[in-house]
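Okay, here's what each chain looks like letter by letter:
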Amino acid sequence: YRKGHLGVSMLVFAPVGYWFVTTGTPELALITGTLMLWFAMLPDIDHRLPLIDHRSMTHSLFFAFLIGGLFSAAGFVLAGTVSMAGDTLGVYGFLLGALTVGAHLIGDSLTPAGVPLLWPLSRTYSLSVTRADSTVANYALFGLGIAVTGGWVVVAVRM
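What counts, and where the lines are drawn
- Residues numbered from 1 in each chain as written.
- Predicted model: local features only at pLDDT ≥ 70, side-chain atom pairs only at ≥ 80, totals over all residues.
- Heavy atoms only, no water.
- Helix = DSSP H or I, 4+ residues; strand = E, 2+ residues; numbered from the N terminus.
- Buried < 20%, exposed > 50% of the residue type's maximum accessible area, 1.4 Å probe, protein only.
- Phe/Tyr/Trp six-rings, centres within 6.5 Å; stacked < 30°, edge-to-face > 60°.
- Lys NZ or Arg CZ within 6 Å of the ring centre and 35° of its normal.
- Axes fitted to C-alpha atoms, helices over the stretch in contact; angles between N-to-C directions.
- Parallel < 35°, antiparallel > 145°, perpendicular 65-115°, else oblique.
- Left-handed = near helix turned anticlockwise from the far one by under 90°.
- Contact = heavy atoms within 4.5 Å.
- Nonpolar A, V, L, I, M, F, W, Y, C, P; charged D, E, K, R; others polar.

Student: Any details on unusual backbone geometry? Residues and values, ideally.
Tutor: Trans peptide bonds make up the majority, and among non-glycine residues the majority have a negative phi. Note the cis peptide between tryptophan 119 and proline 120, where omega equals 20°. Summarising the element assignment, proline 120 is placed in the loop between α4 (86–109) and α5 (135–158). If you check the backbone angles, arginine 55 has positive phi at about 55° while not being a glycine. Within the element layout of this structure, arginine 55 appears in the loop between α2 (26–38) and α3 (61–78). Phi is positive for serine 128, which is not a glycine, with a value near 50°. Accessibility expressed as a relative area gives 47% for serine 128, which makes it partly exposed.

Now the structure itself:
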């Protein structure tokens, strides 16, 4: 249900992208948006991992922080190749990784199955708004994400 997750990622990215553009760093908006969309389905890697159940560890705050940590480490490594301080790029990497996974968790929390945010505790959190396989909901989220992204870009460019 990639389209729905892409839409939610765009919605989560919208205030971040707007902030980057309006503070004079549109390149960070482009990088952030691109990477959030590229990794939007990362928590669903559990479909490919034989020992991990779907919507378990990879759909938790633990995983969001783990990916944030990995992106942060990548930021520190890359700091020598770009004109940004290592600690700044490390913090950016952490926020990017955690926000990317967080967007996926928001999307899955809209479904009755929910997500185990506090894994390994078994309680799931769900808003039960729509089923994951709802074509209407997935296209609606995708369309809303495009509309909101287009809207903030128009507003930010006119400033």
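Student: Could you give me a rundown of the packing of aromatic side chains, with the residues and numbers involved?
Tutor: Two aromatic rings are characterised by how far apart their centres lie and by the angle between their planes. Within this structure, the stated rule accounts for 6 aromatic pairs. Ring geometry for tryptophan 19 and phenylalanine 20: centres 5.3 Å apart, planes at 50°, overall tilted. Overall, phenylalanine 20 belongs to the buried group, its relative accessible area being 8%. Stacked on the ring of phenylalanine 142, the Lys or Arg lysine 3 has its end atom at 5.8 Å from the ring centre.

Student: Would you mind going over the packing of helix α1 (residues 2–22) against α2 in detail, with residue names and values included?
Tutor: Think of two packed helices as two axes; the pair is described by the angle between the axes and how far apart they sit. Between α1 and α2, the shortest axis-to-axis distance is 9 Å and the interhelical angle comes to 165°. Judged by the angle between their axes, α1 and α2 are roughly antiparallel. The interaxial crossing formed by α1 with α2 has right-handed handedness. Residues Arg2, Leu6, Ser9, Met10, Val12, Phe13, Val16, Gly17, Phe20 and Val21 of α1 pack against Pro26, Leu28, Ala29, Thr32, Gly33, Met36, Leu37 and Trp38 of α2. Considering only residue class, the contact of α1 with α2 consists of 13 nonpolar, 4 polar and 1 charged.

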